[in-house]
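# Reading the structure
Here is how the chains run, residue by residue.
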Amino acid sequence: MKTALTLLAAALSLAAASAVAAPLFADSHTVVTPRFSDEIVGKGPDLVFIPGLASSRETWKATAERLKGHYRLHLIQVAGFAGEPARANAEGPVLVPTAEAIDAYIVAQHLAPATVIGHSLGGTMTLWLAENRPQDLRKALVVDALPWVAQVFISPNVTADQAKAAGEAMRVSPPMPEAARSQMIDNMVSGPADRAMVLAWGKASDTKVVSNALADDMETDLRAGLGAVKTPITLLYPDNLAAGMPAGAMDGFYHAAFAAASTVKLERVDSSRHFIMLDQPAAFAAALDAFLAN
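This report concerns the structure included in the present document. Keep in mind it's a predicted model, so treat the numbers as computed, not measured.

The helix and strand inventory of the protein chain stands at twelve helices and eight strands. The globule rule puts the C-alpha radius of gyration for 294 residues at 19 Å, and the 18 Å found for the protein chain is close to it. If one aligns the C-alpha atoms of the protein chain with their principal axes, the spans along those axes are about 50 × 45 × 40 Å. In the protein chain, of all internal contacts separated by at least 6 residues, the share reaching a separation of at least 24 is 74%. Mean positive and mean negative side-chain charge positions of the protein chain (23 and 29 charges, respectively) differ by 4 Å.

Right, here's the structure in full:
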C-alpha cells in the first residue's frame, strides 16, 4: 500500500502543470498542490505564511521582502482565492481539508516542527493545526483570528445550531453585491490603495470556494480544544477604533475568547483594523521580529 507521503508526492506531480497565481518574486519557485500553492523564496530557517479568506499571498509581500535575506519563506495561497484556480477546493469543505493538506506538506517537506504565521482564515487553520497536529508546530503567530468566528458574525451567544444554519445558508447564497463587499473591506483595512488591493483579491476569487470556506469558518468551533494547546502562540489583534469600535472593546473580547488557552500571548496593535500588516506595517514587523526571536 502506498504511504501517505507517496500519495502526496503523486498529488504534487499531478498538480504541477496546473495554473497558479503569479509569483511575487523573480528569484522564487512555486510548488502547486491540489489545495494550495507555495511560493518559496529566500534562504535560512523556514517560515510558513498562510493568508486569509479570499486573500493573496501578497498579504505578506512586504514581510517577505524584509525577511527573505535571513529566512526561507513559504508563501501559501489557498486554491480558489485571489486568482488561484480552485482545483480540489472547487467542491465541498475548504478549511479543514486545506489545513490537513498544509500539514501533510509541512511533514513531507521536512519543515516540521514548523513556525507558522496565519492571518484571519489562515489563522483559524493555524489554530486548528495547534489543536489537531501539535507535533508539527514549533510555534505560531496568529493575526486577528478567533476560535469561533460565528461569535462575531452572528452573536457572542451564538449556538452551534445557529452557526450551522448560517453556514448552510452561505453555501447556497448568491455572491455578495459589490457595494456590500466594498463596505465590508472598508471596515477591514484603512489605506485606500490597500482597500483596492484587497477588494481586487476578492473579485478574483472563486465565489463558491469563498462561500464554502466562510461557511466552514462559521461552523468550526475550536474553543473546546484551547485548554489542551501546548504550542506557543502569539495572537495579534486590532483595536478597530477606526472601524467604529469603542476604546477597549477588543481587549475584553479577545481575552475572553482565548481565556482557556494558557500558551496564547495576546498583543493589541493600535490604530489598526483586520489587516494589521497593511495598516500598521512597522508595528507588525516589530511584533513578528519579537516572536521570531523567542
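Regular strands place side chains that alternate from one sheet face to the opposite one. With six of seven residues buried, strand β4 (residues 72-78) is to be regarded as a mostly interior element. Note: strand β2 (residues 36-42) against β4, seven bridges, orientation antiparallel. Residue pairing across strands places valine 41 opposite leucine 73, the latter belonging to β4. For the segment spanning strand β3 (residues 46-50), helix α2 (residues 61-67) and β4, crossover handedness is right-handed.

Here we come to helix α4 (residues 121-132). The end-to-end C-alpha separation of α4 is 16 Å, in line with the 16 Å expected for twelve residues at 1.5 Å each. Of all twelve residues making up α4, ten are buried, and the element is well covered by its neighbours. For α4, the full list of buried residues reads Leu121, Gly122, Gly123, Thr124, Met125, Thr126, Leu127, Trp128, Leu129 and Ala130.

All right, on to the packing of helix α7 (residues 178-186) against helix α8 (residues 192-203) then. Angle between the axes and distance between the axes: these two values describe a pair of packed helices. Direction vectors running N to C along α7 and α8 enclose 135 degrees, while the axes themselves pass 10 Å from each other. With respect to their mutual orientation, α7 and α8 come out oblique. As α7 runs across α8, the sense of the crossing is right-handed. Residues Glu178, Arg181, Ser182, Ile185 and Asp186 of α7 pack against Arg195, Val198, Leu199 and Lys203 of α8. Residue composition of the contact of α7 with α8, grouped by class: three nonpolar, one polar and five charged.

About the cut-offs
- Residues numbered from 1 in each chain as written.
- Predicted model: local features only at pLDDT ≥ 70, side-chain atom pairs only at ≥ 80, totals over all residues.
- Heavy atoms only, no water.
- Helix = DSSP H or I, 4+ residues; strand = E, 2+ residues; numbered from the N terminus.
- Rg over C-alpha atoms; globule rule 2.2 N^0.38 Å.
- Contact = heavy atoms within 4.5 Å.
- Lys, Arg positive; Asp, Glu negative; His and termini not counted.
- Charge placed at Lys NZ, Arg CZ, Asp CG, Glu CD.
- Buried < 20%, exposed > 50% of the residue type's maximum accessible area, 1.4 Å probe, protein only.
- Pairing = 2+ DSSP bridges.
- Right-handed = clockwise from strand over helix to strand, strands pointing away.
- Expected span 1.5 Å × (residues − 1).
- Axes fitted to C-alpha atoms, helices over the stretch in contact; angles between N-to-C directions.
- Parallel < 35°, antiparallel > 145°, perpendicular 65-115°, else oblique.
- Left-handed = near helix turned anticlockwise from the far one by under 90°.
- Nonpolar A, V, L, I, M, F, W, Y, C, P; charged D, E, K, R; others polar.

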